[in-house]
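# Structure assessment
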Amino acid sequence: MPDPALHQDSTIALQKVLATLSYLLTRSQAHERQASRAGVTAGRSDLYLLMALEDSGGVSRVGDLAVQMMVEPPHVTRQISQLEAQNLVERTLDELDRRVRRIAITPHGRAVLESFRQARLDGLRQALSDFDDADLDTTRAVLDRLVVYVRESHMEEPRGRGA
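Residues numbered from 1 in each chain as written. Predicted model: local features only at pLDDT ≥ 70, side-chain atom pairs only at ≥ 80, totals over all residues. Heavy atoms only, no water.

Next up on the list: the overall build of the protein. The helix and strand tally for the protein stands at seven helices and three strands. Listing every helix and strand of the protein by position from the N terminus yields α-α-α-β-α-α-β-β-α-α. By its C-alpha atoms, the protein is 60 × 40 × 30 Å across when sized along the principal axes. Relative to its full complement of 163 residues, the protein shows a buried share of 23%. For the protein, contacts bridging at least 24 residues in sequence account for 51% of all contacts bridging at least 6. (Helix = DSSP H or I, 4+ residues; strand = E, 2+ residues; numbered from the N terminus. Buried < 20%, exposed > 50% of the residue type's maximum accessible area, 1.4 Å probe, protein only. Contact = heavy atoms within 4.5 Å.)

In structure tokens, the structure reads:
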């Protein structure tokens, strides 16, 4: 039977590693280095919105993007205006409801996103080169489960000012 204290120690150690990794990966300097390697000038939040849009099939409503990114719709609307000015996205009419605008990633936006992703992937492959596929699959499964947990927990929280 597994020792609960050892499991708790492992959970604490994992939490510390995740906190450190999150901090390091979200530093603006880290983004700037990756973006520079990729030849990309778009900001970190711009690229994450493009990734969310691509994950939605390349076209989405503002509200759906906001839910996916776990932010308020006005934040997404402002960011879309900036991305539109850079020719990374475009607003299109919804075919079913002409009152609704949908956001579509442009070919230029896809190219920028692909350059950035490739640079990140190259760095990740280098960092993980000593691990076998089974270790990477297990790590991905654990992290996928954590992402689902965080998303579901976020959906249960009351939304509103100051929350």
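Empty space within the largest pocket amounts to approximately 2,300 Å³. Surrounding the largest pocket, 46 residues form its lining, Leu 21, Leu 25, Arg 120, Leu 124 and Leu 143 being those nearest its centre. Among the elements that make up the lining of the largest pocket, the one with the highest residue count is helix α7 (residues 133–156) (13 residues). Looking at the lining of the largest pocket, its residues break down into 25 nonpolar, nine polar and twelve charged. (1 Å grid on protein atoms, 1.4 Å probe; cavity = no way out; pocket = protein on both sides within 12 Å on 5 of 7 lines; lining within 4 Å. Points joined across faces, edges and corners; volume = space filled by probe spheres on them. Nonpolar A, V, L, I, M, F, W, Y, C, P; charged D, E, K, R; others polar.)

Our next topic: the pattern of salt bridges. The full count for this structure, using the stated rule, is five salt bridges. For Asp 55, the salt bridge goes to Arg 117, with nearest N and O atoms at 3.9 Å. Here the residue Asp 55 occupies a position in helix α3 (residues 44–55), and Arg 117 occupies one in helix α6 (residues 107–127), the gap between them amounting to 62 residues. Here the salt bridges share partners, and the residues they tie into one network are Glu 54, Asp 55, Arg 110 and Arg 117. (Salt bridge = Lys/Arg side-chain N within 4 Å of Asp/Glu carboxyl O.)

Strand pairing in a sheet takes place through backbone hydrogen bonds and is either antiparallel or parallel in direction. Within the open sheet, the three strands sit side by side as β1-β3-β2. Their pairing is antiparallel. Either end of the sheet is taken by a strand with one partner, and the two such strands are β1 (59–61) and β2 (89–93). With strand direction ignored, the average angle separating the axes of adjacent strands in the sheet is 35°. Relative to strand β3 (residues 101–105), β2 runs antiparallel, the two being bridged by five bridges. The partner of Arg 91 across the bridge, within β3, is Ile 103. Sheet contacts for helix α4 (residues 62–69): β1 and β3; angle to β1, the most-contacted strand, approximately 90°. In this fold helix α5 (residues 73–85) packs onto β2 and β3, with an angle of close to 115° to the strand it touches most, β2. (Pairing = 2+ DSSP bridges. Axes fitted to C-alpha atoms, helices over the stretch in contact; angles between N-to-C directions.)

Time to look at the pairing of β3. One ladder, built from three bridges, connects β1 with β3; its direction is antiparallel. Bridge assignment links Arg 61 to a residue of β3, and that residue is Arg 102.

Along the chain, the position of Gln 79 falls in helix α5. Setting aside anything within four residues of it in sequence, one finds Gln 79 in contact with Ser 45, Asp 46, Leu 49 and Met 69.

Mapped onto the elements, Gly 63 comes out in helix α4. Since its relative accessible area comes to 35%, Gly 63 is described here as partly exposed. Taking the C-alpha atoms as reference points, Gly 63 and Pro 73, separated by ten residues in sequence, lie 5.5 Å from one another.

That's the geometry; what it means functionally is another story.
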